[in-house]
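Examining the three-dimensional arrangement
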Amino acid sequence: MMTVLKSMFYGEESFLLCLLYFRISCLLSVFQVHSFLRSVRFNNSVGEKISFDKNGEFIGGFDIINWITFPNQSFLRANVGVIDPTAEKFFNISVNFITWPVGFNQALPLSLCNDPCETGHSKAKKEGESFCCYDCHLCPEGKISKEKDIDDCSPCPEDQYPNPGKNMCIPKRITFLSYEEPLGISLTVLSLCFSSVTTLVITIFMKHKDTPIVKANNRNLTYTLLVSLLLSFLCVFLFVGRPNTIVCLLRQPAFGLIFSVAVSCVLAKTFVVVLAFMATKPGSRLRKWVGVKMVSFILLSCSLIQICVCAVWLITSPPYPDFDMKSMSEEVILECNEDSVMFYCVLGFMGFLALVSFSAAFLARKLPDSFNEAKFITFSMLVFCSVWLCFIPTYLSTRGKYMLAVEIFSMISSSAGLLVSIFFPKCFIIVMRPELNDKHQLMKRKF
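Keep in mind it's a predicted model, so treat the numbers as computed, not measured.

**A closer look at the sheet that holds strand β4 (residues 62-69)**
With antiparallel pairing, the three strands of this open sheet are ordered in space as β4-β5-β6. In this open sheet, the two edge strands, each paired with only one partner strand, are β4 and β6 (91-93). For this sheet, the mean inter-axis angle between neighbouring strands, taken without regard to orientation, is 35°. Here three bridges tie strand β5 (residues 75-83) to β6, and the two strands are oriented antiparallel to one another. Bridge assignment links I83 to a residue of β6, and that residue is F91.

This is the structure:
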């Protein structure tokens, strides 16, 4: 066409003018058509509205077609959705009506520079690397991850703990110091052995109650001390076994009272020895203090103070059965909750009595031989104080049933120290050397 137009005019200039005129005419025609289309409104064969906007762009919906491929290479079109700008729901598709090809892979492609984290691990971003690159860290203690490739591990409930793979939580087992485990059996047998020995000592002293060695050491005070030692050994049974409300209320106050009575007896024995020696001096005014009244005053006053401390404890914050879920990673410890300052007050008062008794016995250790029971008392209180001084740091550094076992062992060992140090030398003379159980012999011998 350009060749024909060029041959109809003479000269290049005339041809260019004609071409420009032709292009302008075409543009005017297009604008005229667009103007006409802007006002077109009609419905197609299926009843859909067809129109154009001010820019001449099509206004209307679009069908979403699923092309179904058959093995014989034939095709079928199925309408599975629609896009309609004029409708309230712009995009609508029925996924269940879509027929996917047989070999279609529905898994999303991976855009990672490492493998996904397995269960029991969490993702940790690599410094200086892209977001798709990360490390896999094992879940920390007490946490798990049940799914792969998660950002953070989740903690287990307090009564559960993670399995070795850190991908599931396992219920913790309930434990307490029972009679069925070796530790509980050992402490029980040890307590029974010393209880039997104490009973035997009481029997020996009662059988030989009229002998000089028994009478010289205040029989009533001796019996009181032996009975309190026997009860201290039997008190162990309140600490072994499944704790309940009654046991929790009784065991620590009973322990405090029994041991306070025992230490008070030792303290009274010490004062009796000291006062008896000082009262023998000519013109001494201490003779009136030597006797039953002084012993009763020491026992009652010390016991009454400990009773008041225990009563305040039981009224203000009584012990109760509780579950300790935090001390052990795989165990729930059934224990008596005794977390009170009054518990340490009970121990403190008992320690104060022991310290006073040890100091008095130590000062009286060089008295004449007829009053040499102070030497045995000094040694017994040295053992007693050493045991309970070692008990405090050990008790505070252990947890669960082992903490209870430490207290039981301290009770047995301290009571055994008093029993062996004070009464075994006397029992040896009564049973093995009866010829020494004589008033004249006791006045001049060191035993």
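**Things to note about the confidence of the model for the chain**
Looking at the chain as a whole, its pLDDT mean stands at 78, while 74% of the residues score no less than 70. No element of the chain has a lower mean pLDDT than helix α1 (residues 2-7), at 38, and none a higher one than helix α3 (residues 182-207), at 93. For the stretch residues 1-24, pLDDT sits under 50, and the model shows ten contacts to residues farther than four places along the chain or on other chains. Counting contacts from residues 26-31, a segment whose pLDDT is below 50, to residues more than four positions away or on other chains yields zero contacts.

**Quick word on the packing of helix α5 (residues 219-234) against helix α10 (residues 401-431)**
Describing two packed helices takes the angle between their axes plus the distance from one axis to the other. It is the contact of α5 with α10, at a shortest axis distance of 9 Å, that shows an interaxial angle of 150°. What the angle tells us is that α5 and α10 run roughly antiparallel. Remark: the crossing between α5 and α10 carries left-handed chirality. Counting all contacts with α5, which are made through T222, L225, L226, L229, S232 and F233, the residues of α10 involved are M411, I412, S415, A416, L418, L419, I422 and F423.

**What to know about the pairing of β5**
As judged from the eight bridges shared by β4 and β5, these two strands associate in the antiparallel manner. Of the residues in β5, the one forming a bridge with I68 is L76. The antiparallel hairpin formed by β4 and β5 contains five residues in its connecting segment, where Q73 sits at a positive phi of about 70°.

**Points about empty space enclosed by the protein**
Scanning the entire structure with this criterion turns up one cavity of 30 Å³ or more. Roughly 30 Å³ of volume is contained in the largest cavity. Lining of the largest cavity is provided by T175, M328, E331, I333, R399, G400, K401 and Y402. Mapped by element, the contributors of at least two residues to the lining of the largest cavity are β15 (331-337) and α10. A class-by-class count of the residues in the lining of the largest cavity yields three nonpolar, two polar and three charged.

**Regarding the nonpolar core**
In this structure, F255, F384, I408 and F423 are the most contacted members of the largest nonpolar core, which totals 68 residues. For this core, the elements supplying multiple residues, two or more each, are α3, α4 (212-215), α5, α6 (245-279), α7 (292-316), α8 (341-363), α9 (373-397) and α10. Of all the elements, α10 adds the most residues to this core, at 15 residues. With residues up to four places along the chain from it excluded, the contact list for F384 reads F259, V263, M350, A354, S414 and L418.

**Quick word on the side chain of S232**
Mapped onto the elements, S232 comes out in helix α5. Among residues more than four places away in sequence, those in contact with S232 are I258, F259, M411 and S415.

**Side note on the packing of aromatic side chains**
One pair of aromatic rings is described through two measures. These are the centre distance and the angle between the planes. Per the stated rule, a full pass over the model turns up twelve aromatic pairs. Seen in terms of ring centroids, F259 and W388 are 6.0 Å apart; in terms of plane orientation they differ by 85°. Their pairing is edge-to-face. Pair noted here: F259 is in helix α6 and W388 is in helix α9, with a separation of 129 residues, a long-range link. A relative accessible area of 2% places F259 in the buried class. Geometrically, the ring pair formed by F343 and Y395 is tilted, given 6.1 Å between the ring centres and 40° between the ring planes. Of this pair, F343 sits in helix α8 while Y395 is found in helix α9, placing the two residues 52 residues apart along the sequence. Each member of the pair F343 and Y395 is classed as buried. Grouping aromatic residues by their ring pairs yields a cluster made of F255, F259, W313, F343, Y344, F384, W388, F391 and Y395.

**Focus on the state of the cysteines**
Counted according to the given criterion, the structure contains four disulfides. Bridging C248 to C336, the disulfide has an S-S length of 1.9 Å. Here the S-S torsion is close to -80°, and the disulfide linking C248 with C336 is therefore left-handed. Of the two residues, C248 sits in helix α6 while C336 sits in strand β15, which places them 88 residues apart along the sequence. On the accessibility criterion, C336 (6% relative accessible area) is buried. Of the cysteine sulfurs around C310, a residue in no disulfide, the closest is that of C308, at 9.4 Å.

**Details of α3**
The first and last C-alpha atoms of α3 sit 37 Å apart over 26 residues, in line with the 38 Å expected at 1.5 Å per residue. Its buried side turned inward, α3 meets α4, α5 and α10.

Reading guide: rules and limits
Residues numbered from 1 in each chain as written. Predicted model: local features only at pLDDT ≥ 70, side-chain atom pairs only at ≥ 80, totals over all residues. Heavy atoms only, no water. Pairing = 2+ DSSP bridges. Helix = DSSP H or I, 4+ residues; strand = E, 2+ residues; numbered from the N terminus. Axes fitted to C-alpha atoms, helices over the stretch in contact; angles between N-to-C directions. pLDDT = per-residue confidence, 0-100. Contact = heavy atoms within 4.5 Å. Parallel < 35°, antiparallel > 145°, perpendicular 65-115°, else oblique. Left-handed = near helix turned anticlockwise from the far one by under 90°. 1 Å grid on protein atoms, 1.4 Å probe; cavity = no way out; pocket = protein on both sides within 12 Å on 5 of 7 lines; lining within 4 Å. Points joined across faces, edges and corners; volume = space filled by probe spheres on them. Nonpolar A, V, L, I, M, F, W, Y, C, P; charged D, E, K, R; others polar. Core = buried A, V, L, I, M, F, W, Y, C linked by side-chain atoms within 4.5 Å. Buried < 20%, exposed > 50% of the residue type's maximum accessible area, 1.4 Å probe, protein only. Phe/Tyr/Trp six-rings, centres within 6.5 Å; stacked < 30°, edge-to-face > 60°. Disulfide = S-S within 2.5 Å. Expected span 1.5 Å × (residues − 1).

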